[in-house]
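Structural characterization, general
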Amino acid sequence: MSTEQGLDARRATGAHAARVAARTVELRKVYGRGEAAVHALAGVTLDIHAGRFTAIMGPSGSGKSTLMHCLAGLDAATSGRVLLGDTDLTALGDRQLTTVRRDRVGFVFQAFNLLPQLTALENILLPLELAGRRPDQPWLDQIVDVLGLGQRLRHRPSELSGGQQQRVAVARALVTRPDVVFADEPTGNLDSRSGNELLGFLRRSVHDYGQTIVMVTHDPVAASYADRVVLLADGALAGEIFRPTPDAVLDALRRLGV
Ligand SMILES: Nc1ncnc2c1ncn2[C@@H]1O[C@H](COP(=O)(O)OP(=O)(O)OP(=O)(O)O)[C@@H](O)[C@H]1O
């Protein structure tokens, strides 16, 4: 994409004016030492726009999960800064990071990660319970309704389909109204119909509720639900696509050798 096209795309999506929900500045992450050192992130400066759906893509090993884990306060930077809103995560200790993750961030994982002994409703309410917060009943009712979980709330995860389990995980991520929901290959274990349904819900939570979502995915169709695709290669930014189509994403990935 030329610089001019890039600017036009930004104007069209209003991305230049968007509030920043999270930001990395010269973020570096090195695993191991000496000869065995792996530079997973080699100086990434990136803004995540508030109220937008951002997909992170790139070849295997390009640093996608590392970037998301650093943004979410799950992994510590080697150098550089990570900001969630105005909070500098790199300046926080473990206890403060735990509070930030609990109160301000939601997670959706490929493997659902629901607690098997709890019902769907208990799983959804768990983050609030851990934080000692009471549920906002109208909000809870709304997400349960939108996600079509009303008839499933008393079921345990083993009694739910994969698609239903992942919708429970999305409800759990949204219930605290987090600043950012991080989704790591959320459709990786779903058939394409359940996957598309789930992506539709994520899209809707951005459009209807102004939720900020960051999703790591390998799937160009999944990425096309996002407002913007950020491409990584060898731990560095390798481009971005606004209003991505599956074809545009596929082309960009091919250029990166995927
Ligand atoms: N805990 C770790 N210890 C050592 N090296 C690691 C660790 N986690 C990740 N790496 C390395 O850092 C690099 C980036 O890994 P990362 O998982 O972020 O990539 P990715 O783009 O998410 O890959 P994939 O698409 O395969 O999941 C890889 O070379 C990986 O082997």
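Residues numbered from 1 in each chain as written. Predicted model: local features only at pLDDT ≥ 70, side-chain atom pairs only at ≥ 80, totals over all residues.

The protein appears in an unreviewed UniProt entry as ABC transport system ATP-binding protein from Streptoalloteichus tenebrarius.

Brief notes about the pairing of strand E6 (residues 105-109)
In terms of residue burial, E6 counts as a mostly covered element, since 4 of its 5 residues are buried. Of the pairings in the sheet, the one linking E6 to strand E7 (residues 180-184) comprises 5 bridges and is parallel in character. Within the sheet, the bridge partner assigned to phenylalanine 109 lies in E7 and is aspartate 184. (Buried ≥ 20, exposed ≤ 12 C-beta atoms within 10 Å, placed from the backbone. Helix = DSSP H or I, 4+ residues; strand = E, 2+ residues; numbered from the N terminus. Pairing = 2+ DSSP bridges.)

With respect to unusual backbone geometry
Within the chain, arginine 177 stands out as a residue other than glycine whose phi angle is a positive 50 degrees. Looking at where arginine 177 falls in the secondary structure, it is placed in the loop between helix H6 (162-174) and E7. Taking the number of C-beta atoms within 10 Å as the measure of exposure, arginine 177 has 14 and is therefore partly exposed. Positive phi values are uncommon outside glycine, yet aspartate 234 reaches one of about 50 degrees. With respect to the helices and strands, aspartate 234 occurs in the loop between strand E9 (228-233) and strand E10 (236-242).

Concerning the site of the ligand
In the vicinity of the ligand, the residues found are Tyr31, Gly32, Val38, Ala40, Gly58, Ser60, Gly61, Ser62, Gly63, Lys64, Ser65 and Thr66. Take the shell around the ligand: its biggest share by element is 3 residues, from helix H2 (residues 64-71). (Near = placed C-beta within 6 Å.)

With respect to the environment of leucine 198
As for its placement among the helices and strands, leucine 198 is situated in helix H7 (residues 192-209). In the structure, leucine 198 is positioned 28 residues away from valine 170 in sequence and 8.5 Å away in space, judged by C-alpha atoms. Once residues within four sequence positions are removed from consideration, leucine 198 is found in contact with Gly163, Gln166, Arg167, Val170, Pro186, Thr187 and Leu190. (Contact = placed C-beta atoms within 7 Å.)

Focus: the sheet that holds strand E2 (residues 38-49)
One open sheet holds the 4 strands; their spatial order is E2-E1-E4-E5, and the pairing between them is antiparallel. Edge positions in the sheet fall to E2 and strand E5 (87-88), since each of these pairs with one other strand and no more. Where strand E1 (residues 20-31) and E2 come together, 9 bridges link them in antiparallel fashion. Residue pairing for E2: arginine 28 is matched across the bridge by alanine 42. Along the sheet, H2 makes contact with E1, E2 and strand E4 (79-84), crossing E1 at roughly 125 degrees. (Axes fitted to C-alpha atoms, helices over the stretch in contact; angles between N-to-C directions.)

Regarding the environment of proline 186
Considering the arrangement of structural elements, one finds proline 186 in the loop between E7 and H7. Leave out the neighbours within four places in its chain, and proline 186 touches Val108, Gln110, Gln166, Leu198 and Met215.

Here we look at the UniProt feature "domain: ABC transporter" (unreviewed entry) in the protein
When the UniProt feature table is mapped onto this chain numbering, "domain: ABC transporter" (unreviewed entry) sits at residues 22-258. Secondary structure content for residues 22-258 is 36% helix and 26% strand, while the C-alpha to C-alpha distance between its ends is 28 Å. (UniProt positions renumbered as here; feature names shortened; annotations may be inferred.)

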